[in-house]
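The lines below spell out each chain.
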Amino acid sequence: MSNTEPYESALDSIPGAHPYPRTSRYHDAEIGVYRRDDGTEVRYTKRRLLPPLDRSGEETEAHSVGAGDRPDLLGQRFFGDPGQWWRIADANPVLDPRELTDEAGRVIDIPSAGGFSRGDRRV
């Protein structure tokens, strides 16, 4: 968070300033607006694109899954927040995050605590 501008972190404490907190995987997702026939606006989050799997230069740590590991427990261990499990899921080619830890001994990538850059995302 050292790259955060002071005014950006101040906005996090204002309700409604950001639809998602800075730690959410949807924080950088684009917000769309749908207008109903009666003119009312409905806001929605557009599709979130995943970061590319080939991240040359990206620091990751190999982790051998142990018995009892779960994505949320790994999020707590490596990022200090169980809600950050999605960073680990994004770094590994799985469709279901439970696949990350369903087999003891599986080696998965754990991204650096800095996470992924905001650009260069994959579909």
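About the thresholds
- Residues numbered from 1 in each chain as written.
- Predicted model: local features only at pLDDT ≥ 70, side-chain atom pairs only at ≥ 80, totals over all residues.
- Heavy atoms only, no water.
- Helix = DSSP H or I, 4+ residues; strand = E, 2+ residues; numbered from the N terminus.
- Contact = heavy atoms within 4.5 Å.
- pLDDT = per-residue confidence, 0-100.
- Salt bridge = Lys/Arg side-chain N within 4 Å of Asp/Glu carboxyl O.
- Buried < 20%, exposed > 50% of the residue type's maximum accessible area, 1.4 Å probe, protein only.
- Arc of directions from axis to C-beta.

**Structural notes on the overall build of the protein chain**
Here is step 1: The number of helices and strands found in the protein chain is 3 helices and 4 strands.
Here is step 2: When its helices and strands are written in sequence order, the protein chain yields α-β-β-β-α-α-β.
Here is step 3: Across the protein chain, the fraction of contacts at a sequence separation of at least 24, relative to all contacts at a separation of at least 6, is 52%.

**A word on the confidence of the model for the protein chain**
Here is step 1: When the pLDDT values of the protein chain are averaged, the result is 77; 70% of them are 70 or greater.
Here is step 2: Considering only residues more than four positions removed or in separate chains, one finds that residues 115–123, a stretch of pLDDT under 50, has 27 contacts.

**Here's the deal with the pattern of salt bridges**
Here is step 1: In total, this model carries 6 salt bridges according to the counting rule given.
Here is step 2: Ionic pairing is found between Glu 30 and Lys 46, a salt bridge with its closest N-O pair at 3.4 Å. Remark: Lys 46 occurs in the loop between β2 (41–45) and β3 (60–64) and Glu 30 occurs in the loop between α1 (6–12) and β1 (31–35); sequence separation between them is 16 residues.
Here is step 3: Judged by relative accessible area, which is 51%, Glu 30 ranks as exposed.
Here is step 4: Its relative accessible area of 32% is what places Lys 46 among the partly exposed residues.
Here is step 5: Arg 43 is the partner of Glu 41 in a salt bridge, and the nearest nitrogen-oxygen pair spans 3.4 Å.
Here is step 6: A single network of salt bridges, built from pairs that share partners, joins Arg 35, Glu 41 and Arg 43.

**Overview of helix α2 (residues 71–79)**
Here is step 1: If you check which residues of α2 are buried, you get Pro 71, Leu 74, Gly 75 and Phe 79. All buried residues of α2 project into a common sector of 105 degrees when viewed along the axis, lining one side.
Here is step 2: Tucked inside the fold, the buried residues of α2 contact β3, α3 (85–90) and β4 (107–111).
Here is step 3: Backbone geometry just after α2 places Gly 80 at a positive phi near 75 degrees.

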